[in-house]
Amino acid sequence: MNAILILTVFFPAVAALAVFALPAARENRALRAKLNCGALALELALALVMCGARGLEFTLLHMTPTLSIYFRVDTIGCIFAVLMCSMWLLVAVFALEYLEHDKNERSFQMFYMTVLSALVGQCYAGSMSTLYVFYELMTLLSVPLVVHERTPQAVAAGIKYLIYSIFGAMMGLLGIFFFNHYLGTVNFVPGGVAPLSGGVTGGMLLVTFMVILGFGTKAGMFPMHGWLPTAHPVAPAPASAVLSGVITKAGVLAVIRVIYFLVGANAIRGTWVQTAFMTLTLITVFMGSMLAYREPLLKKRLAYSTVSQVSYVLFGLSCMVPAAFSGAILHVVAHSTIKDALFLCAGAIIHQTGKTYVRDLRGIGKQMPVTIWCWTIASLGLIGIPPTGGFVSKWQLATGSLASGMGALSVIGPVVLIVSALLTAAYLLPVTINGFFPGNDFDYASLEKKEPGKLMTVPMLLLAAGVVLTGVLASPLLSVVASAAGGLL
């Protein structure tokens, strides 16, 4: 199984380089598309196979006597890996049509595939040093996705994304130094290493908070959220979808590993670190929703929405109780599905009509009914309407907040979540309402059908179905996550 684990981690990157270098695929776009999508489908199959190998450990190499590239397969890593591979495959199919006439499509596909290898490497990382290596690789390899258009705005956004990401990762590197010194190891252990070594000092708590803040940068947590609304509008829709729906979850996964597998939630619970972390997440939830409500540019509105919604996950992690932890993991799945659907819908609208502002979308439902129905279903999921996954995850988060024992913050949490849900309805549903009911003064005669082709429509439909299925079928996932949480809390 060690060989399959290594294959699962590195296969997308190797396949990408092979397809990029293959002379037959260089000019034959159809062949290139089949090879890339086939490789992503195989990668998803490998990730599913690894779900049956939980507990597998493997050291690839030793960098120092105490630092190594060490992999360990566990439940949390498997959930993230399967989710990431699934979203990557669906968005890749969408990109085949979206980038059909793009002159830089070949390079986009190569970097798109290699980023997945870095993400999967993080999922199966068994130590903080391993996670850090793949985290940095993911950052560097995803910059070309942001600057894909090669415009001055895209380049500036890519530089901003890189600066924010590297600054955040440097805090993670600082953590490696201190954790290795004070804990004696940076290997991940369910429940954390600190409780086994006698707890944490005041200095260790400060370092822990800095590391959470650093990895929170990738998740868009205040005050390190600034890269998201800058990068999304300039990146092509497939890149925006995975940046928002998947890559932000790399930051979430890193925070999970630090709190629940290295320092230990029991060592942090009740300290100022938990209070500060929870406060920042609630500020981000509310602030992101307000900024999204006020933003007229469609993709930038979705970017601010991501700032808010990913901090729902971080809020659940900050509660440090089983119900909230389960809600956080379920919201990882629900939000990835929902936000990928919304960004693909936005990309389809822009691709087919050229319209980028919300105010220009009156009557869009008459032109693109399938797309706007997918938008509507995804919007209901993000608001938290039953029976979507968004409803179940937010229910768990609110329940966990009330059980967290964090005083006023325990009550403020659910209130902020409800206010954010109302704001979410206010910034997403106008697209549906004005799209299907533009008013009597609207010139219906000027409308023509603009629906995209099957390669763009099918992924949107599957994701819209996933928005509902993550709610209807939430119980098995919650059972798996609850079992994993039992060993962490």
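Residues numbered from 1 in each chain as written. Predicted model: local features only at pLDDT ≥ 70, side-chain atom pairs only at ≥ 80, totals over all residues. Heavy atoms only, no water.

J.: How should the nonpolar core be read in this particular structure?
T.: By size, the foremost hydrophobic cluster in this structure holds 171 residues, and its most contacted members are Tyr124 and Phe179. The greatest single-element share of this core, amounting to 19 residues, is contributed by helix H10 (residues 237–263). (Core = buried A, V, L, I, M, F, W, Y, C linked by side-chain atoms within 4.5 Å. Buried < 20%, exposed > 50% of the residue type's maximum accessible area, 1.4 Å probe, protein only. Helix = DSSP H or I, 4+ residues; strand = E, 2+ residues; numbered from the N terminus.)

J.: Whenever I open this one, the packing of helix H6 (residues 128–146) against helix H8 (residues 202–216) confuses me. Can you help?
T.: Each pair of packed helices can be summarised by the angle the axes make with each other and by the distance between the axes. Following both chains from N to C, one finds H6 and H8 inclined at 30°, their axes separated by 13 Å at the closest point. If you check the angle between H6 and H8, you find them roughly parallel. For the crossing formed where H6 meets H8, the hand is left-handed. Seen from H6, the contacting residues are Met128, Leu131 and Tyr135; seen from H8, they are Val211, Gly214 and Phe215. Here the contact of H6 with H8 is built from residues that sort into five nonpolar, one polar and no charged. (Axes fitted to C-alpha atoms, helices over the stretch in contact; angles between N-to-C directions. Parallel < 35°, antiparallel > 145°, perpendicular 65-115°, else oblique. Left-handed = near helix turned anticlockwise from the far one by under 90°. Contact = heavy atoms within 4.5 Å. Nonpolar A, V, L, I, M, F, W, Y, C, P; charged D, E, K, R; others polar.)

J.: Could you clarify how one ought to interpret H8 in this entry?
T.: Since there are 3.6 residues in each turn of an α-helix, residues three or four apart along the chain are aligned in direction. A rise of 1.5 Å per residue sets the reference length of H8, with its 15 residues, at 21 Å; its end C-alpha atoms lie 21 Å apart and thus fit the reference within 8%. For H8, the tally of buried residues reaches eleven of 15 residues, placing the bulk of the element in the interior. Structurally, H8 contributes buried residues whose contacts are with H6, helix H7 (152–183), H10, helix H11 (265–268) and helix H12 (272–294). (Expected span 1.5 Å × (residues − 1).)

J.: What's the story with the packing of aromatic side chains in this structure? I'm lost.
T.: Two aromatic rings are characterised by how far apart their centres lie and by the angle between their planes. According to the stated counting rule, one finds twelve aromatic pairs in the structure shown. Taken together, a centroid distance of 6.2 Å and an interplanar angle of 50° make the contact between phenylalanine 10 and phenylalanine 134 tilted. Residue phenylalanine 10 is located in helix H1 (residues 2–21), and its partner phenylalanine 134 is located in helix H6; the two are separated by 124 residues in the primary sequence. A residue is classified by how much of its surface remains accessible, and phenylalanine 10, at 31% relative accessible area, is partly exposed. (Phe/Tyr/Trp six-rings, centres within 6.5 Å; stacked < 30°, edge-to-face > 60°.)

J.: Just checking my understanding: could you explain a nonpolar patch on the surface for this structure?
T.: Together, Phe10, Val14, Leu60, Leu61 and Met63 make up a nonpolar patch on the protein surface, roughly 410 Å² of accessible area in all. Of all the elements in the fold, those that place two or more residues in the nonpolar patch are H1 and strand S1 (57–62). Accessibility expressed as a relative area gives 42% for methionine 63, which makes it partly exposed. (Patch = residues over 30% accessible without salt bridge, like charges linked within 9 Å, V, L, I, M, F, W, Y side chains within 5 Å. Areas by Shrake-Rupley, 256 points an atom, 1.4 Å probe, with all protein chains shown as cover. Salt bridge = Lys/Arg side-chain N within 4 Å of Asp/Glu carboxyl O.)

J.: Before we go on, may I ask you to explain helix H19 (residues 454–472) in this structure?
T.: In this model H19 runs 26 Å from its N-terminal to its C-terminal C-alpha over 19 residues, within 8% of the 27 Å that 1.5 Å per residue would give. Where H19 is concerned, the buried positions are Met456, Thr457, Pro459, Met460, Leu463, Ala464, Gly466, Val467, Thr470 and Gly471. On its buried face, H19 is in contact with helix H4 (75–98), helix H14 (322–353), helix H16 (369–383), helix H17 (389–402) and helix H20 (474–486).

J.: Looking at this structure, I do not really get the pattern of salt bridges. What am I missing?
T.: A side chain with one charge may pair with a side chain of the opposite charge, provided their charged atoms come close. Applying the stated criterion across every chain, the model contains two salt bridges. The salt bridge involving arginine 32 is made with glutamate 105; its shortest N-O contact spans 3.0 Å. Residue arginine 32 is found in helix H3 (residues 29–50), and its partner glutamate 105 is found in helix H5 (residues 105–123); the two are separated by 73 residues along the sequence. With a closest N to O distance of 2.7 Å, arginine 257 and aspartate 74 form a salt bridge. Taken together, the residues span a long stretch of sequence, with arginine 257 in helix H10 and aspartate 74 in the loop between strand S2 (68–72) and H4 at a distance of 183 residues. The exposure class of arginine 257 is buried, given its relative accessible area of 1%. The buried category is assigned to aspartate 74, whose relative accessible area is 10%.

J.: Sorry if this is basic, but what is going on with the pairing of S1 here?
T.: The two faces of the sheet receive side chains in turn, since in a regular strand these alternate between them. With five bridges connecting them, S1 and S2 associate as antiparallel partners. Of the residues in S2, the one forming a bridge with leucine 61 is isoleucine 69. What sits between S1 and S2 in their antiparallel hairpin is a turn of five residues. (Pairing = 2+ DSSP bridges.)

J.: Help me out: how do you make sense of the environment of serine 165 in this one?
T.: Here serine 165 is to be found in helix H7. Separated by 30 residues in sequence, serine 165 and tyrosine 135 have C-alpha atoms that sit 9.5 Å apart.

J.: Would you mind going over the state of the cysteines with me for this structure?
T.: Covalent bonding between the sulfur atoms of two cysteines defines a disulfide. A full pass over the atoms with the stated rule returns zero disulfides. Cysteine cysteine 123 remains unbridged, with the sulfur of cysteine 85 as its closest cysteine sulfur at 7.5 Å. No disulfide involves cysteine 345; its nearest neighbouring cysteine sulfur is the one of cysteine 374, lying 5.2 Å away. What makes cysteine 345 buried here is its relative accessible area of 0%. (Disulfide = S-S within 2.5 Å.)

J.: Whenever I open this one, the environment of asparagine 28 confuses me. Can you help?
T.: With respect to the helices, strands and loops of the structure, asparagine 28 is situated in the loop between helix H2 (23–27) and H3. Relative accessible area serves as the criterion here: at 35%, asparagine 28 is assigned to the partly exposed category. Separated by 3.1 Å, the side chain of asparagine 28 and the backbone nitrogen of leucine 31 make a polar contact. (Polar contact = N/O pair within 3.5 Å; in protein donor to acceptor, adjacent residues only side chain to side chain.)

J.: What is the right way to read the side chain of threonine 306 from this model?
T.: Residue position: threonine 306 is located in helix H13 (residues 298–319). The exposure class assigned to threonine 306 is buried, which follows from its relative accessible area of 0%. Here the side chain of threonine 306 touches lysine 339 through a polar contact of 2.9 Å, side chain to side chain. Among residues more than four places away in sequence, those in contact with threonine 306 are Leu228, Ser244, Thr248, His335, Lys339 and Phe343.

J.: Is there a simple way to explain unusual backbone geometry in this structure?
T.: When glycine is set aside, most residues are seen to have a negative phi, and most peptide bonds are trans. Look at the link from phenylalanine 222 to proline 223: it is a cis peptide, with omega at 10°. Mapped onto the secondary structure, proline 223 falls in the loop between H8 and helix H9 (227–234). Unusually for a residue other than glycine, arginine 150 sits at a positive phi of about 65°. As for its placement among the helices and strands, arginine 150 is situated in the loop between H6 and H7. In this model, methionine 320 sits at a positive phi of 60°, which is unusual for a non-glycine residue. Looking at the secondary structure, you find methionine 320 in the loop between H13 and H14. Looking at methionine 320, the relative accessible area reads 1%, which means it is buried.

J.: Got a minute to help me understand the packing of H12 against helix H18 (residues 408–436) in this structure?
T.: Viewed as axis vectors pointing N to C, H12 and H18 meet at an angle of 20°, and their least axial separation amounts to 8 Å. By the angle between their axes, H12 is roughly parallel relative to H18. Seen from above, H12 lies across H18 with left-handed handedness. In this structure, H12 uses Thr275, Met278, Thr279, Leu282, Val285, Phe286, Ser289, Met290, Ala292 and Tyr293 to contact H18, whose residues at the interface are Leu409, Ile412, Gly413, Val416, Leu417, Val419, Ser420, Leu423, Thr424, Ala426 and Tyr427.

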